[in-house]
Amino acid sequence: MRELPRQLSADELAVLFEGRTRFVERLAAEPDPLVRARTLVHELPHDEKKEILDAHPAIGQRGGLSARSAAEQGGDDEPAVLEELARLNADYEARHGFRFVVFVHGRPKAEILEVLRSRIGNPTDEELETALGELVAIAEDRWSSR
């Protein structure tokens, strides 16, 4: 595992977090940005939390993925699973008001479908913090597997 960096530019962080958001800009000014991300992500105002979650592609999204996201989500594109993911992603966003984010790490989409089903009914405040923790785990994994 690669040691977490002491400093990263906004461009480097944007790759790890799927976009150049206000959160990424703040992290670029921090020493130990990925360590700081673990707490800063939970301290943000609600609109910034939503912004960073919505920068991530939806699980099962077919187009417009970064090379990283496409590799992480894998190629197990069983049509029935993709259709169910699309439906549940839409239900999740309608219920919670932000995108479902989960640390996939090569798990098959059918397994992620079960995670989505189990999380969709969570209270929104709890789910928001869970999704933010997953987002940071994704960025840390992306850094360590570079």
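Computed from a prediction, not measured in an experiment: that's the story for all the values here. (Residues numbered from 1 in each chain as written. Predicted model: local features only at pLDDT ≥ 70, side-chain atom pairs only at ≥ 80, totals over all residues. Heavy atoms only, no water.)

Caption draft 1: Region of interest: the overall build of the protein. Helix and strand counts for the protein come out as eight helices and zero strands. Counting from the amino terminus, the protein carries its helices and strands in the arrangement α-α-α-α-α-α-α-α. Burial analysis of the protein (146 residues in total) assigns 45% to the buried set. Across the protein, contacts joining residues at least 24 apart in sequence account for 68% of those joining residues at least 6 apart. Summed over all atoms, the accessible surface of the protein reaches about 7,200 Å², with 52% contributed by carbon and sulfur. (Helix = DSSP H or I, 4+ residues; strand = E, 2+ residues; numbered from the N terminus. Buried < 20%, exposed > 50% of the residue type's maximum accessible area, 1.4 Å probe, protein only. Contact = heavy atoms within 4.5 Å. Areas by Shrake-Rupley, 256 points an atom, 1.4 Å probe, with all protein chains shown as cover.)

Caption draft 2: Examining helix H3 (residues 33-43) more closely. Among the residues of H3, those classed as buried are Pro33, Leu34, Ala37, Leu40 and Val41. Taken down its axis, H3 places every buried residue within 105° of arc, on the same side. Where H3 is buried, its residues touch helix H1 (10-17), helix H2 (22-28), helix H4 (46-54) and helix H8 (124-144). (Arc of directions from axis to C-beta.)

Caption draft 3: Molecular detail of the pattern of salt bridges. Tallying each qualifying case throughout the model produces 18 salt bridges. In this structure, Asp47 and Arg22 form a salt bridge, with 3.3 Å as the shortest nitrogen-oxygen distance. Highlighted residues: Asp47 in helix H4 and Arg22 in helix H2, separated in sequence by 25 residues. Where Arg87 meets Asp91, a salt bridge forms, and the shortest distance between an N and an O atom there is 3.0 Å. Note that Arg87 and Asp91 are positioned in helix H6 (residues 79-96) at a spacing of four residues, about one turn of the helix. (Salt bridge = Lys/Arg side-chain N within 4 Å of Asp/Glu carboxyl O.)

Caption draft 4: Geometry of the packing of aromatic side chains. Tallied over the full model, the rule gives three aromatic pairs. Ring centres of Tyr92 and Phe98 lie 5.9 Å apart, and the angle between their planes is 80°; on these two criteria the pair is classed as edge-to-face. Judged by relative accessible area, Tyr92 falls into the buried class, the value being 0%. Residue Phe98 is classed as buried on the basis of its relative accessible area, which comes to 1%. Ring centres of Tyr92 and Phe100 lie 5.2 Å apart, and the angle between their planes is 75°; this geometry places the pair in the edge-to-face category. Comparing Tyr92 with Phe100, the two get one shared label, buried. Each residue in the set Tyr92, Phe98 and Phe100 is aromatic and connected to the rest through ring pairs, giving one cluster. (Phe/Tyr/Trp six-rings, centres within 6.5 Å; stacked < 30°, edge-to-face > 60°.)

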